[in-house]
Every structure is written in C-alpha cells, then in structure tokens.
Amino acid sequence: MENVMTNINRFPLSMRLLHWAMAALIVSMLLAGFTMIRSLEPWHLTILNAHKGFGSIAFLLVLGRVFVRVKSTVPTLPKTLSTLQRNIATASHYVLYGLMITMPASGYLMQYFAARPVDVFGHFFLPASLTADIERYALFREIHGYVASAFVIVILIHVAAALHHHFIRKDSVLKSML
C-alpha cells in the first residue's frame, strides 16, 4: 500500500467514494450489531438478516477497496509530521483494513459453524456447515464482538485524527479525502 506520489493533493475519486460509502455502511452495521445484542424485539430477525447481507457486501467492497488502494497514487502525508507520526498513520490504516476484513469474515464463520447459510438479499446464499459446531460458533461470535469493539475505538481515533489535522494542524489531510 505504498503507491505514493507527492504532486497530488486528493485521493482518487474511486477511493473517496469507497471510503465514505464504507464509512456509512460500517457505522450502520456497528450500530445495528450493538442494537441486536441488547434487544429481542420483533424486528430483530429483520435487522439480523439485513446485517448479514450488508456484511457480505462490506466484505466484497473491502476487497475492491484494497485492489483500488494498491493500484492508486495517493497524496503523501504532510512533511511536518515526524517519522513516528507517519508510521503510526500507516499502521492505523493497516489496522483499519484488517478490521474491515476480519469483521465480515468472523461474522460469516460464526454463521457457517452455526449451520446457517447467509442469505444475501435473496440473490445468493453463502454456504453453511452441514452440522453445527457450537464451540467454533462461540469462538467466532466472541471474535466478532471483540472486533466490533476494537472497530469502534479505531474509528473514533481515526475521526479524531482527521479533525485534529483539519482544525489544529490546519493541513490538507482531511481535505484530501473530501
């Protein structure tokens, strides 16, 4: 992910669209997920099925996003950042990508080991194990929950860093993604 060129000041349109579409999707999915674990209302099954379908779409989108990121030329970070800050910024993006992959993968594996195929909005089904494996289901359910919590923390840090760059440092980091 090091395809960098210094003479551009904005991310390519494809990356900006994927960034903001996935941001909306991920925040919505996290809110739905946290709502589902705290409630067994009549609408729970509807939200759960939508959550599974959108999770499948999120996984496909992140694969596309990684491909676009590898092929794209992107702006460099401001030269005023120290090497440590640059390394932290780079590492945080790897963490975000890791979470974007791990979250839907753990959700699917949870359903797989519960022997529940995932219906992707009636267009196709992701297969499930023929027999349930409660221990593996429980493992991936725990992973899914921990990854969701980590995702919230990393997203808040990401947003705080973007706002810090815009309002405190007054550099072009946030503007490059708008």
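Structure: see above.
What counts and what doesn't
Residues numbered from 1 in each chain as written. Predicted model: local features only at pLDDT ≥ 70, side-chain atom pairs only at ≥ 80, totals over all residues. Heavy atoms only, no water. Patch = residues over 30% accessible without salt bridge, like charges linked within 9 Å, V, L, I, M, F, W, Y side chains within 5 Å. Areas by Shrake-Rupley, 256 points an atom, 1.4 Å probe, with all protein chains shown as cover. Salt bridge = Lys/Arg side-chain N within 4 Å of Asp/Glu carboxyl O. Helix = DSSP H or I, 4+ residues; strand = E, 2+ residues; numbered from the N terminus. Axes fitted to C-alpha atoms, helices over the stretch in contact; angles between N-to-C directions. Parallel < 35°, antiparallel > 145°, perpendicular 65-115°, else oblique. Left-handed = near helix turned anticlockwise from the far one by under 90°. Nonpolar A, V, L, I, M, F, W, Y, C, P; charged D, E, K, R; others polar. 1 Å grid on protein atoms, 1.4 Å probe; cavity = no way out; pocket = protein on both sides within 12 Å on 5 of 7 lines; lining within 4 Å. Points joined across faces, edges and corners; volume = space filled by probe spheres on them. Core = buried A, V, L, I, M, F, W, Y, C linked by side-chain atoms within 4.5 Å. Buried < 20%, exposed > 50% of the residue type's maximum accessible area, 1.4 Å probe, protein only. Contact = heavy atoms within 4.5 Å. Phe/Tyr/Trp six-rings, centres within 6.5 Å; stacked < 30°, edge-to-face > 60°.

A. Representation of a nonpolar patch on the surface. The grouping of V159, L163, F167 and I168 at the surface amounts to a nonpolar patch, some 400 Å² of accessible area in total. As for its position among the elements, V159 is in helix α4 (residues 134-169).

B. Highlighting the packing of helix α3 (residues 83-113) against α4. As a packed pair, α3 and α4 sit with axes 8 Å apart at the nearest point and diverge in direction by 150 degrees. Considered as vectors, α3 and α4 are oriented roughly antiparallel to each other. Here the hand of the crossing between α3 and α4 comes out left-handed. For the contact of α3 with α4, the class distribution of residues is 16 nonpolar, 7 polar and 3 charged.

C. Looking closely at the layout of surface pockets. Its volume calculated, the largest pocket comes out at about 1400 Å³. Listed by contribution, the elements that provide at least two residues to the lining of the largest pocket are α1 (13-36), α2 (44-71), α3 and α4. Of the residues belonging to the lining of the largest pocket, the class tally is 31 nonpolar, 13 polar and 6 charged. By volume, the second largest pocket is sized at about 930 Å³. In terms of lining residues, the second largest pocket is bounded by 39 residues, among which H51, M103, G107, M110 and H144 are the most central. Elements with a contribution of two residues or more to the lining of the second largest pocket: α1, α2, α3, β2 (124-126) and α4. For the lining of the second largest pocket, the residue count by class is 25 nonpolar, 10 polar and 4 charged.

D. Molecular detail of the nonpolar core. Ranked by size, the top nonpolar core spans 14 residues in total, and within it I26, L30, M100 and F151 carry the most contacts. If near-sequence neighbours (up to four positions away) are discounted, L30 is found in contact with A148, F151, V152 and I155. With 6 residues, the next largest nonpolar core counts M15, L18, V74 and M177 among its residues.

E. Representation of the packing of aromatic side chains within the structure. Evaluation of the coordinates by the stated rule reveals 4 aromatic pairs. A ring pair is formed by Y108 and Y112, whose centres lie 6.1 Å apart and whose planes are at 55 degrees; its orientation type is tilted. Of the two residues, Y108 and Y112 are both situated in helix α3; the distance of 4 residues between them amounts to about one turn of the helix. Note on Y108: relative accessible area 23%, which makes it partly exposed. Aromatic pair F113 and F140: ring centres 5.8 Å apart, planes at 10 degrees, arrangement stacked. Here F140 lies in helix α4 and F113 lies in helix α3, a separation of 27 residues in the sequence. Under the relative-accessibility criterion, F113 is labelled buried at 13%. What links up through ring pairs into an aromatic cluster is the set Y108, Y112, F113 and F140.

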